Amino acid sequence: MRTFVFKGILGLALLSGLGTVAAAAATPTPEPFPADQQARTMEEVTDRVIKAENQMNNDIRKYSPLVETYIQNLRPDTELGYVPAGDKYFLGKADFGKGVNLVSLSDTDGKGRKVLGGVGNFFSFAMQYLPDGFLQMIFIDTNGFDKQHYHFDYVKREFLGEVRCLVFDVTPLPKAGKGRFLGRIWVEDQDYHIVRFNGGYGGAGKTTYYFHFDSWRTNLQPGVWLPSFVYSEEKELHYAMTKKLDFRAQTRLWGYNIGKAAQEQELSKILVETPVNDDTKTANDLTPIQAQRSWDREAENNVSDRLQRLGLMSPKGEVDKALEIIVNNLEVTNNLDIQPEIQCRVMMTTTLESYTLGHTIVLSRGLIDVVPDEASLAMIIAHEMGHVVLGHRMDSNFAFFDQLLIDDKDSFRHFGFARTPEEETAANAKAAEMLKKSPYKDQLANVTLFLTALDARQKQVPNLISAHLGNRVPNVGDLKSGTVPDTKANPQIIAALPIGGRVKLDPWFDNLALLKSKPVGLVAEREKMPFEVTPFMPYLTRFNPADTSKPVNASATDGKPPESANASPDGAAKP
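Computed from a predicted structure; not experimentally measured.

Caption draft 1: Spatial organisation of the overall build of the protein. Within the protein, the secondary structure is distributed over 11 helices and 18 strands. Here the protein, with 575 residues, has 50% of them falling under the buried criterion. Considering only intrachain contacts with a sequence separation of at least 6, the fraction spanning at least 24 residues in the protein is 68%. In the structure as shown, the protein presents an accessible area of about 26800 Å², 52% of it carried by carbon and sulfur atoms.

Caption draft 2: Summary view of the packing of aromatic side chains. For the structure shown, the criterion picks out 19 aromatic pairs. With centroids separated by 5.9 Å and ring planes inclined at 70°, the aromatic side chains of Tyr 63 and Trp 508 adopt a geometry described as edge-to-face. Placement of the pair is Tyr 63 in the loop between α1 (42–59) and β2 (66–77) and Trp 508 in the loop between β17 (503–505) and β18 (512–514), with a sequence separation of 445 residues. We classify Tyr 63 as buried; its relative accessible area is 11%. Trp 508 gets classed as buried once you look at its relative accessible area, which sits at 9%. Measuring from ring centre to ring centre gives 5.6 Å for Phe 145 and Phe 152, while their planes differ by 80°; the resulting arrangement is edge-to-face. Just as Phe 145 is buried, Phe 152 falls in that class too. Grouping aromatic residues by their ring pairs yields a cluster made of Tyr 63, Tyr 256, Trp 508 and Phe 509. Lying over the aromatic face of Tyr 82, Lys 235 brings its terminal NZ or CZ to 4.3 Å of the ring centre.

Caption draft 3: Representation of the nonpolar core in the model. Formed by 87 residues in total, the largest nonpolar core has its most connected members in Ile 381 and Phe 450. If sequence neighbours within four positions are ignored, Phe 450 has contacts with Val 370, Val 371, Pro 372, Ser 376, Met 379, Ile 380, Val 473, Ala 495, Ala 496 and Phe 531. Leu 135, Tyr 150, Phe 213 and Leu 253 belong to the second-largest nonpolar core, a separate cluster that totals 47 residues.

Caption draft 4: Region of interest: the confidence of the model for the protein. Of all residues in the protein, 73% attain a pLDDT of 70 or more, and the chain-wide mean is 78. Considering only residues more than four positions removed or in separate chains, one finds that residues 261–272, a stretch of pLDDT under 50, has 2 contacts.

Caption draft 5: Highlighting the sheet that holds strand β14 (residues 343–347). Judged by pairing direction, the sheet is mixed, and its 3 strands sit side by side in the order β14-β16-β15 without closing on themselves. A strand with exactly one partner marks an edge of an open sheet, and here the two such strands are β14 and β15 (354–357). In this sheet, adjacent strand axes meet at a mean angle of 25° when their direction is disregarded. The pairing of β14 with strand β16 (residues 360–364) spans 5 bridges and is parallel.

Caption draft 6: Main features of the packing of helix α5 (residues 318–333) against helix α7 (residues 374–389). Across the interface, α5 lies against α7 with an axial gap of 10 Å and an inter-helix angle of 70°. The angle between the axes of α5 and α7 places the two elements in the roughly perpendicular class. Contact residues: α5 offers Leu 323, Ile 326, Val 327, Asn 329, Leu 330 and Glu 331, while α7 offers Glu 374, Leu 377, Ala 378, Ile 381, Ala 382 and Met 385. In terms of residue class, the contact of α5 with α7 is built from 9 nonpolar, 1 polar and 2 charged.

Caption draft 7: Layout of the pattern of salt bridges. Summed over all chains, the structure comprises 20 salt bridges. Arg 75 is the salt-bridge partner of Asp 77, the closest N and O atoms lying 3.9 Å from each other. On the basis of relative accessible area, Asp 77 is assigned to the partly exposed category, the value being 22%. Residues joined in a network through salt bridges with shared partners are Arg 164, Glu 188, Asp 189 and Arg 542.

Caption draft 8: Quick look at unusual backbone geometry. Put simply, Gln 339 and Pro 340 share a cis peptide bond, and its omega is -10°. Its location among the elements puts Pro 340 in the loop between α5 and β14. In this structure, Asp 510 takes a positive phi of about 65° despite not being glycine. When you line up the elements, Asp 510 lands in the loop between β17 and β18. Of note in the backbone geometry, Phe 531 takes a positive phi value of approximately 60° without being a glycine. The residue Phe 531 is located in the segment after α11 (525–528) in this model.

Caption draft 9: A look at the side chain of Thr 534. Along the chain, Thr 534 falls in the segment after α11. Taking relative accessible area as the criterion, Thr 534 reaches 13% and is therefore assigned buried. Apart from residues lying up to four places away in sequence, Thr 534 is in contact with Tyr 231, Gln 250, Pro 498, Ile 499 and Met 529.

Caption draft 10: Inspection of α7 at higher detail. Given a rise of 1.5 Å per residue, 16 residues ought to cover 22 Å, and the 21 Å separating the end C-alpha atoms of α7 matches this to within 8%. The buried count for α7 comes to 14 of 16 residues, which makes it a mostly enclosed element. Where α7 terminates, the next one or two residues include Gly 391, which has phi positive at roughly 75°.

Caption draft 11: The arrangement of the packing of α7 against helix α10 (residues 444–457) in detail. Their axes nearest at 8 Å, the elements α7 and α10 cross at an angle of 75°. As summarised for this structure, α7 and α10 are arranged roughly perpendicular, according to the angle between their axes. Contacts between α7 and α10 involve Ala 375, Ser 376, Met 379 and Ile 380 from the first element and Asn 446, Val 447, Phe 450 and Leu 451 from the second.

Caption draft 12: Inspection of α5 at higher detail. Here α5 contains 16 residues, and its C-alpha end-to-end distance of 23 Å stays within 8% of the 22 Å for a straight helix at 1.5 Å per residue. Those residues of α5 that are buried are in contact with β14, β16, α6 (365–370), α7, α9 (421–435) and β18. Just downstream of α5, Asn 335 is the residue with a positive phi angle, here 55°.

Caption draft 13: Spatial organisation of the pairing of β15. What you see with β15 is no split at all: Ser 354 and Thr 356 on one side and Tyr 355 and Leu 357 on the other are buried throughout. Alignment of β15 against β16, held across 4 bridges, turns out to be antiparallel. Pairing of Ser 354 across the sheet is with Leu 363, part of β16. In this structure, the hairpin formed by β15 and β16 is closed by a connection of 2 residues, where Gly 358 is found at a positive phi of approximately 65°.

What counts and how
Residues numbered from 1 in each chain as written. Predicted model: local features only at pLDDT ≥ 70, side-chain atom pairs only at ≥ 80, totals over all residues. Heavy atoms only, no water. Helix = DSSP H or I, 4+ residues; strand = E, 2+ residues; numbered from the N terminus. Buried < 20%, exposed > 50% of the residue type's maximum accessible area, 1.4 Å probe, protein only. Contact = heavy atoms within 4.5 Å. Areas by Shrake-Rupley, 256 points an atom, 1.4 Å probe, with all protein chains shown as cover. Phe/Tyr/Trp six-rings, centres within 6.5 Å; stacked < 30°, edge-to-face > 60°. Lys NZ or Arg CZ within 6 Å of the ring centre and 35° of its normal. Core = buried A, V, L, I, M, F, W, Y, C linked by side-chain atoms within 4.5 Å. pLDDT = per-residue confidence, 0-100. Pairing = 2+ DSSP bridges. Axes fitted to C-alpha atoms, helices over the stretch in contact; angles between N-to-C directions. Parallel < 35°, antiparallel > 145°, perpendicular 65-115°, else oblique. Nonpolar A, V, L, I, M, F, W, Y, C, P; charged D, E, K, R; others polar. Salt bridge = Lys/Arg side-chain N within 4 Å of Asp/Glu carboxyl O. Expected span 1.5 Å × (residues − 1).

Take a look at the structure:
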């Protein structure tokens, strides 16, 4: 049975019994097939799909990925269709050892799993989201995914990115019980892993509800497909007789290999000793200023390393380099020589925030996602550079390593890098000064547009703009005095991007990369969707450690199904 993801607090019904992941191990599976033998009939295909899915349910117990769910409640708008009308946010760590459980990282009150809270401020009858329910959407069925409970209808072949898939419609058999999956699955045609499933669970009650969802898995290691993205959406879900709910939600999983990759790489290195130069006669002692700078750098590197090991900060990569190019542009045009040099890092979270760790500028993935252009990104970086230039330091106690030895669940309680209002005001002024001398000085109207759009949406998305460790997006007042461009007059002018508009995430190594998508033509006003949740459509590829390039293309269909007594000559499934 499934975990309900939404329930009335005042209702009498309790959650249904949760089918644990551990139960999957007891599910009967067919005898193993020879690894080099392709399935020849649809019967063999479905047997292999069932075997692979139940094996995944068993194997995932080895992992404890981070899980982030962001929900936007919606309201109808005459011009834009639907717009945000409140939001909820949850960040936690999955524990599959004893079922589908989450340990909260974002619940600073320490009250457990129900951190998404009630949405009674949007509705008169208090309702509550359950984070575990959204995590449950990474599983089709952990309590009997087999031919005794399901009927499989072959539909077609279809490419998801580069991965050719067999597509089936899956329906529960009569008397299979509540909480069974009803929908469509996509199965890659080599090892028959399910890589996408779309639909919902059946059997909701009067005060408890299942949501529709679209769940994706990615090939993270050879032969390993693990849950990565879940999109959920409901329109006009009626409850309490006269109330209805509209929402969209994104769930991301990452950190499957937290801390292991770097350790394994270090252990596998063969160190070759080289002749050591004797420099004892040269002057290597540090002056007090140099010693203080070195001590501060050690503190910021300690924090960065700890956040990376927790899965909250990505390893250094191409996104960091792109940010450091902007830093260099600002330094050169303002004749700045900052020592130690500024470095940039990226938090993995969706919430919009930025902060400094000494001379390290940190931006969240979600913030980079939504900025529409380089000038707007430069504004945020210039603000954080203002803190550096003005000498706003971090707590150097983090140079003592015992300050970093904390439980994962205490991360957001232990760390905090927000600045005082006075420091923020001074950094704003310094940022305005630097931008007016920078290569972005003629694009400040775009910055005004972004900040204006953010101001307009801040009441509707308070959790999106609530920072975990630093400050909310800076509001550089001097830059908002210009004329705001008319986005309706020019369809190509975009104030802000939807969530997920710039950065793609590798759930295994936590690497981040900039999206390389094809240009979009004319965009209608309701398609711009600033700061909004949108569906996931990842470009699937098979794991290849030697291939780092990821082409971007749409899916296509072709090919014929395997031979099957249940398939008609035109490829449609027979009843």
